[in-house]
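Understanding the architecture of this molecule
Take a look at the letters that make up each chain.
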Amino acid sequence: MSTSPASDRHIQLNPFGQLRHFLSIDGLDRNLLTEILDTADSFIEVGERSIKKVPLLRGRTVVNLFFEASTRTRSTFELAAKRLSADVLNLDISTSATSKGESLSDTLLNLEAMASDMFVVRHAQSGAPHFIAQSVTPGVAIINAGDGRHAHPTQAMLDMLTIRQHKGRFEGLVVAIVGDILHSRVARSQVRALLTLGAEEVRIVGPNTLLPRDAETLGVKIHNDMRSGLRDADVVIMLRLQRERMEGALLPSEREFYRQYGLTTEKLAYARPDAIVMHPGPINRGVEIESAVADGPQSVILNQVTNGIAVRMAVMSMAMSGQLAERQAAAETQASK
Ligand code: NCD
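When helices and strands are counted, the protein chain shows twelve helices and nine strands. Scaling as 2.2 N^0.38, a compact globule of 337 residues should have a C-alpha radius of gyration of about 20 Å, and the protein chain matches this with 20 Å. Projecting the C-alpha coordinates of the protein chain onto the three principal axes gives extents of approximately 65 × 45 × 40 Å. For the protein chain, buried positions account for 54% of its 337 residues.

Pasting the structure below:
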């Protein structure tokens with residue numbers, strides 16, 4: 001299962017360079033990421049109307065295929081698809097045939113037989129959405145809603161939209177990502193998106209036991225100390241301790257982690273006075289963030305959730321039109337033969 005940037009570009013884009021699947025930020029250039037943000041911007045207004053609908057996916061069927069727990073991501077994908085006028089099927093995996101032993105490929109074949117146009121996939125295994133994109137019937141779009149520790153590209157893009165709204169740019173920004181980077185698919189996608197969009201400096205801050213072993217190759221600066229890690233940062237992104245992905249004891253204790261890395265009003269003062277505080281959720285108050293900060297004036301955590309709808313609308317509509325353009329071109333080539 002290859003997930004190198006070159007192969008990611010190849011599988012995610014149609015021959016005209018348009019998005020057809022959205023699996024990871026790898027392999028996508030600044031123009032495409034900016035197009036996603038601009039398209040999302042145009043959808044924000046739809047969420048403010050009394051009738052929150054546009055007909056872009058009318059008659060299309062979107063299947064939310066969540067093999068892992070989710071609150072924000074699943075509900076904002078569902079709202080996004082509905083606001084695009086799609087028919088939406090939420091597959092509850094715990095009550096589906098998977099628990100009766102059906103394989104992923106067989107589940108998919110059955111869903112495809114119901115003429116689905118798009119699968120939104122969350123899976124505990126890194127690479128599962130890539131695998132599906134490689135084997136799915138041509139014309140069906142796959143959107144990654146988080147795979148293992150690998151990628152969570154729509155989360156990264158809603159974070160980029162939130163940063164652009166508050167800071168107006170990426171150039172010159174210093175961004176600190178704090179906490180459990182090792183297990184975080186969100187952090188990996190954020191780092192790629194920030195560097196592609198031109199952020200000046202991306203720092204990862206945490207104890208060595210929670211930093212990835214390939215950290216140096218990611219193009220980020222590594223800090224084990226909050227004071228130096230947050231100094232003059234424009235954006236502070238906090239992450240949850242992903243206990244479900246930890247093997248063995250990596251931490252002394254939650255109390256010790258909070259003492260060193262928990263974002264308190266006191267530690268936030270190391271960052272720029274106009275720094276924004278972000279978190280993909282779910283937040284653990286008193287573990288990685290103090291309530292006064294999570295609910296405070298610098299927090300944009302709930303803006304991130306709202307932006308998730310617009311970004312997911314953008315990605316779904318772009319992938320669907322990329323698929324259609326490709327099919328249309330193939331049909332025309334066939335007809336001219
Ligand atoms: C994140 C995830 O599932 O990767 N949450 C989210 O999608 N909003 C982060 C997490 O679970 O900590």
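With parallel pairing, the five strands of this open sheet are ordered in space as β7-β6-β5-β8-β9. The outermost strands of the open sheet, each flanked by one partner alone, are β7 (221-223) and β9 (276-278). When the angles between neighbouring strand axes are averaged without regard to direction, this sheet yields 20°. Looking at chain direction, strand β8 (residues 235-238) and β9 are connected through three bridges and run parallel. Across the sheet, I237 pairs through a bridge with M278, a residue of β9. Strands in contact with helix α6 (residues 153-167) are β8 and β9; relative to β9, the strand with the most contacts, it is inclined by about 170°.

Right, let's get into the domain arrangement of the protein chain. Domain boundaries assigned for the protein chain yield domain 1 (5-151 + 306-325) and domain 2 (153-300). A C-alpha centroid distance of 26 Å is found between domain 1 and domain 2. Opposite the 35 residues of domain 1 that make contact, domain 2 presents 29 residues. Both faces combined, the contact of domain 1 with domain 2 buries some 2500 Å², and carbon together with sulfur accounts for 58% of it. Applying the counting rule to domain 1 against domain 2 returns six salt bridges. Across the pair E68 and R245 runs a salt bridge whose closest N-O atoms are separated by 2.8 Å. The interface formed by domain 1 and domain 2 includes eleven residue pairs in polar contact (both at pLDDT 80 or more). Elements with a contribution of two residues or more to the side of domain 1 that touches domain 2: α2 (30-44), α3 (72-83), β3 (118-123), β4 (141-147) and α12 (301-335). Per element, the largest residue contribution to the side of domain 1 that touches domain 2 is nine residues, and it comes from α2. A class-by-class count of the residues in the side of domain 1 that touches domain 2 yields 15 nonpolar, nine polar and eleven charged.

Sheet architecture is open: four strands sit in the order β2-β1-β3-β4, paired in parallel fashion. Each of the sheet's edge strands pairs with one partner strand only, and the pair in question is β2 (87-92) and β4. Here the average twist between neighbouring strands, direction ignored, is 15°. Examined bridge by bridge, strand β1 (residues 61-66) and β3 share five bridges and lie parallel to one another. Within β3, the position partnered with V62 by the bridge is M118.

This next bit is on the site of the ligand. All residues adjacent to the ligand are R72, T73, R122, H152, Q155, R185, V186, R240, Q242, P280, G281 and P282. At 2.7 Å, a side-chain N or O of R185 approaches an oxygen atom of the ligand. Between the ligand and P280 there is a distance of 2.9 Å, counted from a nitrogen atom to a backbone nitrogen or oxygen. Calculation on the ligand without its partners gives an accessible area of 320 Å², and the protein chains cover 93% of this total.

On to the packing of aromatic side chains. Here the structure, examined in full by the defined rule, presents one aromatic pair. Their ring planes at 35° and their centres at 5.6 Å tell us that F257 and Y261 sit as a pair that is tilted. Pair noted here: F257 and Y261 are both in helix α9 (residues 254-261), with a separation of four residues, about one helical turn.

We now examine the pairing of β8. Neither face of β8 is open: one carries V235 and I237, the other V236 and M238, and all of them are buried. For strand β5 (residues 174-178) and β8, the ladder comprises four bridges, and the chain directions are parallel. Note that in β8 the partner of I177 across the bridge is I237.

Its location among the elements puts S189 in helix α7 (residues 185-197). Looking at S189, the relative accessible area reads 3%, which means it is buried. Note: C-alpha distance between S189 and D26 (163 residues apart in sequence) is 8.0 Å. With sequence-adjacent residues up to four places away left out, S189 is seen in contact with I25, A151, H152, P153 and A156.

Right, let's get into the pattern of salt bridges. Summed over the entire model, instances satisfying the criterion amount to 21 salt bridges. Between R285 and D295 there is a salt bridge whose closest N-O contact spans 2.9 Å. One end of the pair, R285, is in the loop between β9 and α11 (291-294); the other, D295, is in the loop between α11 and α12, with ten residues separating them in the sequence. Using a relative accessible area of 44% as the deciding quantity, one classes R285 as partly exposed. Linked through salt bridges whose partners overlap, the residues forming this network are E68, R185, R240, E244 and R245.

Definitions and cut-offs
Residues numbered from 1 in each chain as written. Predicted model: local features only at pLDDT ≥ 70, side-chain atom pairs only at ≥ 80, totals over all residues. Heavy atoms only, no water. Helix = DSSP H or I, 4+ residues; strand = E, 2+ residues; numbered from the N terminus. Rg over C-alpha atoms; globule rule 2.2 N^0.38 Å. Buried < 20%, exposed > 50% of the residue type's maximum accessible area, 1.4 Å probe, protein only. Pairing = 2+ DSSP bridges. Axes fitted to C-alpha atoms, helices over the stretch in contact; angles between N-to-C directions. Contact = heavy atoms within 4.5 Å. Domains from an automatic or database assignment. Buried area = accessible area lost by both parts, 1.4 Å probe. Salt bridge = Lys/Arg side-chain N within 4 Å of Asp/Glu carboxyl O. Polar contact = N/O pair within 3.5 Å; in protein donor to acceptor, adjacent residues only side chain to side chain. Nonpolar A, V, L, I, M, F, W, Y, C, P; charged D, E, K, R; others polar. Near = heavy atom within 4 Å. Areas by Shrake-Rupley, 256 points an atom, 1.4 Å probe, with all protein chains shown as cover. Phe/Tyr/Trp six-rings, centres within 6.5 Å; stacked < 30°, edge-to-face > 60°.

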